[in-house]
Amino acid sequence: MNAPMPATPACGETIIEVRNLVKRYGDNLVHDGLDLDVCRGEVLSIVGGSGTGKTVLLRQIVGLERPTSGSIKVFGESPSTLRPAQLQALRNRWGLQFQRGALFSALSVIDNIALPMRELRALPDNLICQASLLKLQLVGLSAKDADKKPSDLSGGMIKRVALARALALEPELVFLDEPTAGLDPMASDDYVALIRELRRELGLTVVMITHDLDTLVALSDRVAVLADHKVLAAAPIPELVKIDHPFIREYFLGDRAQRAMQALPAPTGDAARLPSGES
């Protein structure tokens, strides 16, 4: 087997640093000595087989769960060690789009988006409403959608409202959990284009969990592969496919991956071409 590539990249600023992370639930070992860095301004995607702990890793990074051991730093702070007020101040620097949107069904679209701002109690409500309308328009929806309930929205609209809520506090960092899951191909392409545009306009750093190969290829600067309780490698796709590991071969060298890889920029050398299944 080829040696795994290091999960630590060379970058100007590391804003997420995970070191020697261990996570257990009783006798169930999820992570064992996991290391990962995220660079400012990049899109890092996390992939792995079922049960490898992708969402568990995300929950630990944002402070919703504590590691069994090891360390996690976000913007230089350790979420699991902060007092509630300090943790809230840190959380204000990132946004999280949950899988399937997780909108509050009893609230209107505009109230869902306004919720993070209202919780801060730092602005009068008329300004919060104006800011929420701007976020709604930022994700490609209009003021006429503001009073709708989540039950009135299509799957693609739910994703956009959830993204608007994640952007409500103007974060530097956004976490996306399966952002295109359940969308038809056209809606998925539109959503990918939106993320690409927002990343460029807002200077976002994006950490994304996805199973969708088209989304992965279209957006990712690097992909972190979770396997064997660790980050096996974190690298651009053309470098990942050089690693002879069962999950990598199955995930990246199949027919669907070959089709998705056609969307990559023109190769600049041998490393930019996806191998056709050779060892």
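Residues numbered from 1 in each chain as written. Predicted model: local features only at pLDDT ≥ 70, side-chain atom pairs only at ≥ 80, totals over all residues. Heavy atoms only, no water.

Enquirer: Provide a residue-level description of helix α1 (residues 54–61), including the pertinent values.
Expert: Each turn of an α-helix holds 3.6 residues, which means side chains three or four residues apart point in the same direction. The buried fraction of α1 is high, at six of eight residues. If you check which residues of α1 are buried, you get Lys-54, Val-56, Leu-57, Leu-58, Gln-60 and Ile-61. Downstream of α1 by one or two residues, Gly-63 has phi in the positive range, about 85°. (Buried < 20%, exposed > 50% of the residue type's maximum accessible area, 1.4 Å probe, protein only. Helix = DSSP H or I, 4+ residues; strand = E, 2+ residues; numbered from the N terminus.)

Enquirer: Any chance you could break down the sheet that holds strand β2 (residues 28–39) for me, citing the residues and the numbers?
Expert: Spatially, β2-β1-β4 is the arrangement adopted by the three strands of the open sheet, whose pairing is antiparallel. Looking at strand neighbours, the two that pair on one side only are β2 and β4 (69–74), the edges of this open sheet. Averaged over all pairs of adjacent strands, the angle between their axes in this sheet comes to 15°, without regard to strand direction. The pairing of strand β1 (residues 14–25) with β2 spans nine bridges and is antiparallel. Among the inter-strand pairings, Glu-17 is bridged to a residue of β2, identified as Asp-37. Sheet contacts for α1: β1, β2 and β4; angle to β1, the most-contacted strand, approximately 120°. (Pairing = 2+ DSSP bridges. Axes fitted to C-alpha atoms, helices over the stretch in contact; angles between N-to-C directions. Contact = heavy atoms within 4.5 Å.)

Enquirer: Quick one: what's the story with the nonpolar core, residue by residue and with numbers?
Expert: Residues Ile-16, Leu-36, Leu-173 and Phe-175 are the most contacted members of the largest nonpolar core, which totals 29 residues. Per-element accounting of this core gives the leading share, four residues, to β1. If you look at the next biggest cluster of nonpolar residues, it comprises 28 residues, including Leu-141, Leu-183, Leu-194 and Leu-198. (Core = buried A, V, L, I, M, F, W, Y, C linked by side-chain atoms within 4.5 Å.)

Enquirer: Could you give an account of the packing of aromatic side chains, naming the residues involved and the relevant values?
Expert: Remark: the centre distance and the inter-plane angle together describe each pair of aromatic rings, the angle taken between the planes. A complete count under the given rule lists three aromatic pairs for this structure. Measuring from centroid to centroid gives 6.0 Å for Trp-94 and Phe-175, while their planes differ by 85°, and the two rings are edge-to-face. In this pair, Trp-94 sits in strand β5 (residues 94–97) while Phe-175 sits in strand β6 (residues 173–177), placing the two residues 81 residues apart along the sequence. The pair formed by Trp-94 and Phe-175 is uniform in burial state, with each residue classed as buried. Considering the side-chain rings of Phe-247 and Tyr-251, the 5.3 Å spacing of their centres and the 20° angle between planes classify their relative orientation as stacked. On the criterion of helical spacing, the pair formed by Phe-247 and Tyr-251 is a turn pair, its members being four residues apart in helix α9 (residues 246–252). The ring of Phe-75 carries Arg-93 above its face, with NZ or CZ at 3.8 Å from the centroid. (Phe/Tyr/Trp six-rings, centres within 6.5 Å; stacked < 30°, edge-to-face > 60°. Lys NZ or Arg CZ within 6 Å of the ring centre and 35° of its normal.)

Enquirer: Before we move on, can you summarise the sheet that holds β6 with the specific residues and values?
Expert: The strand order across the open sheet built from six strands is β5-β6-β7-β3-β8-β9, with neighbouring strands paired in mixed fashion. Pairing within the sheet leaves two strands with one partner each, and these edge strands are β5 and β9 (230–235). When strand polarity is set aside, the average angle formed by the axes of neighbouring strands in this sheet is 15°. As paired elements, strand β8 (residues 222–227) and β9 share five bridges and run antiparallel to each other. The residue bridging Leu-226 from the neighbouring strand is Val-231, located in β9.

Enquirer: Go over the pattern of salt bridges, please, and point to the residues and values.
Expert: In this structure the tally under the stated criterion is 12 salt bridges. Put simply, Asp-125 and Arg-118 hold a salt bridge, and the shortest N to O gap is 2.8 Å. By relative accessible area, Asp-125 is classed as partly exposed at 39%. Judged by its relative accessible area of 28%, Arg-118 is partly exposed. One salt-bridge network, in which partners are shared between bridges, spans Glu-13, Arg-40, Arg-93 and Glu-172. (Salt bridge = Lys/Arg side-chain N within 4 Å of Asp/Glu carboxyl O.)

Enquirer: Could you give an account of the side chain of Asp-177, with specific residues and numbers?
Expert: Structurally, the position occupied by Asp-177 is in strand β6. Looking at Asp-177, the relative accessible area reads 8%, which means it is buried. Residues in contact with Asp-177, not counting those within four places in the same chain, are Thr-55, Leu-58, Gln-97, Phe-98, Gln-99 and Ile-209.

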